[in-house]
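Listed below are the residues making up each chain.
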Amino acid sequence: MLRQAIVARSFPAAATAVTYRGKLVGLKGFGRFTYDADSQEVQANTVFDLASVSKVVATTTMAMLLYQRGLLDLNAPVVGIVPEFARNEPRCRQVTFRMLLAHSSGLPAYEKLFLQAPSKDELLAMAFATRLTADPDTNAEYSDIGFIILGVALERLADEALDTYCQREIFGPLGMTHTTFNPVEARRSSIPPTVDDWTFRNRIIQGEVHDENASALGGVAGHAGVFSNAEDLAIFAQTMLNGGAPILRSETVQLFTQRESTPPGTSRALGWDTPSAPSQSGKYLSCRSYGHLGYTGTSLWIDPERELSITLLTNRTWPDRASQAIKEVRPRFHDAVIESLEKNA
């Protein structure tokens, strides 16, 4: 199926990992970095730009750690830590950490802040000043802006930069040796490019974060910036399936991965998403499942009932972000994995 998607130019590069009942049962790379016949071949351990999968692997997991250490109160107002957030919008005083994690803060989905704010401090100031588009906790709207603000708040709670904290407390302890923010220069050529950017950075983006707001923030942000490979994400997923050990407690994993009860109709958990109808996770994952997508064509889905995780990494944004075919490929791929596993069980 993935090979057919490559031929159909849904994406040039892909890597996948599947864990089932505690074992890594699938790990493979497909295609080439670009559609050029002489482009570098993808290997099973090829590193990709995770885009918004960063929200769960890094930012949400950092929130989970701070929560279980008593440093994060989910129901506390964000302005207690980020007072700048309420300067231009009184309703922001009602926004809690839970609302940022559950995408129910009322903040808009996305703003091209990078076009007006070339520096990190300027972009953050604009993020803090963003007007709400709905009253807090009345509507669920996925928001990059919310996670930018959440990342800053968590850094202040931890008194440490997001990338440094995640490396020491998450990636290092779990043995995720290929996972990092801002890959070093020497590794960038071994990462598939994500876009030929002729509107903002005026160069091919390879081995540096695709998301422009994250780029303006120096490559480290709450909403994007992590690079990893399929095997490392399988390690992370299996940690979640095992109840979070050795870094998380099982009750923390349960709290953050169950669907929120408000606002009405939301599919969101805390940081994570859950299957909706229709879902990019396909038609088979259980109601206890949770996962996340990334704009570059990445995804991670975890099903505790089946003891299953499926990682799919692509660079569907190459060369110009035009293709939306990943939306057709993802659910069919997840269904095919589950059908194959259950057929051979």
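So, here is what we can say about the structure in this document. (Residues numbered from 1 in each chain as written. Predicted model: local features only at pLDDT ≥ 70, side-chain atom pairs only at ≥ 80, totals over all residues. Heavy atoms only, no water.)

### Notes on the layout of surface pockets
Counted as a void, the largest pocket has a volume near 800 Å³. Elements with a contribution of two residues or more to the lining of the largest pocket: β8 (290-294) and α10 (326-343). Its residues assigned to classes, the lining of the largest pocket shows 12 nonpolar, 10 polar and 11 charged. There is about 250 Å³ of room inside the second largest pocket. As for the second largest pocket, its lining consists of 15 residues, of which Q254, T257, R288, Y290 and P304 are closest to the centre. Residue assignment for the lining of the second largest pocket shows that the elements contributing at least two residues are α8 (230-241) and α9 (250-257). (1 Å grid on protein atoms, 1.4 Å probe; cavity = no way out; pocket = protein on both sides within 12 Å on 5 of 7 lines; lining within 4 Å. Points joined across faces, edges and corners; volume = space filled by probe spheres on them. Helix = DSSP H or I, 4+ residues; strand = E, 2+ residues; numbered from the N terminus. Nonpolar A, V, L, I, M, F, W, Y, C, P; charged D, E, K, R; others polar.)

### Quick word on the side chain of S104
Here S104 lies in the loop between α3 (97-101) and α4 (120-128). The exposure class assigned to S104 is buried, which follows from its relative accessible area of 1%. Those residues in contact with S104 that sit more than four places away from it in its chain are M99, P136, D137, T138, N139, A140 and P263. (Buried < 20%, exposed > 50% of the residue type's maximum accessible area, 1.4 Å probe, protein only. Contact = heavy atoms within 4.5 Å.)

### A short note on the pairing of strand β10 (residues 308-314)
β10 sits mainly inside the fold: seven of its seven residues count as buried. Alternating residues of β10 divide into L308, I310, L312 and T314 and S309, T311 and L313, and every residue in both groups is buried. Across seven bridges, strand β1 (residues 13-20) lies against β10 in antiparallel orientation. Note on β10: the bridge partner recorded for V18 is I310. Pairing of strand β9 (residues 298-303) with β10 involves five bridges; the strand directions are antiparallel. For D303, the partnering residue across the bridge sits in β10 and is L308. Taking the residues that link successive antiparallel strands as the turn, the β9-β10 hairpin has four residues, and the phi of E307 there is positive, at about 55°. (Pairing = 2+ DSSP bridges.)

### Re the sheet that holds β9
Read from one edge to the other, the open sheet built from five strands follows the order β2-β1-β10-β9-β8, with strand pairing classed as antiparallel. Sheet topology places β2 (23-31) and β8 at the edges, where each strand pairs with a single neighbour. Going from strand to strand, the sheet's axes swing by 5° on average, the running direction of each strand aside. Bridging between β8 and β9 involves five bridges; their strand directions are antiparallel. For G294, the partnering residue across the bridge sits in β9 and is T298. (Axes fitted to C-alpha atoms, helices over the stretch in contact; angles between N-to-C directions.)

### Regarding unusual backbone geometry
In this structure, the amide linkage connecting A245 to the following residue, P246, adopts the cis form with an omega of 10°. Position of P246 among the secondary structure elements: in the loop between α8 and α9. Note that the residue after T262, namely P263, is joined by a cis bond; omega there is -5°. The residue P263 is located in the loop between α9 and β8 in this model. Its identity is not glycine, yet R21 carries a phi of approximately 55°, on the positive side.

### A word on helix α2 (residues 54-68)
The end-to-end C-alpha distance of α2, which contains 15 residues, comes to 20 Å, matching closely the 21 Å that a straight helix rising 1.5 Å per residue would cover. Of all 15 residues that make up α2, 14 are buried, and the element is covered over most of its length. A positive phi of about 80° marks G70, the residue just after α2. (Expected span 1.5 Å × (residues − 1).)

### Things to note about the pairing of β9
Burial analysis of β9 places six of its six residues in the buried class, which makes it a mostly covered element. Here β9 shows two buried faces, one formed by T298, L300 and I302 and the other by S299, W301 and D303. Counting the residues between successive antiparallel strands, the hairpin from β8 to β9 contains three residues, one of them, G297, with a positive phi of roughly 105°.

### Observations regarding the packing of α2 against α9
As a packed pair, α2 and α9 sit with axes 10 Å apart at the nearest point and diverge in direction by 130°. The angle between the axes of α2 and α9 places the two elements in the oblique class. Here α2 runs over α9; the crossing is right-handed. Residues T60, A63, M64, Y67 and Q68 of α2 pack against T252, V253, L255 and F256 of α9. Its residues placed into classes, the contact of α2 with α9 shows six nonpolar, three polar and no charged. (Parallel < 35°, antiparallel > 145°, perpendicular 65-115°, else oblique. Left-handed = near helix turned anticlockwise from the far one by under 90°.)

From the geometry alone we can't say anything about function, so treat these as descriptive.
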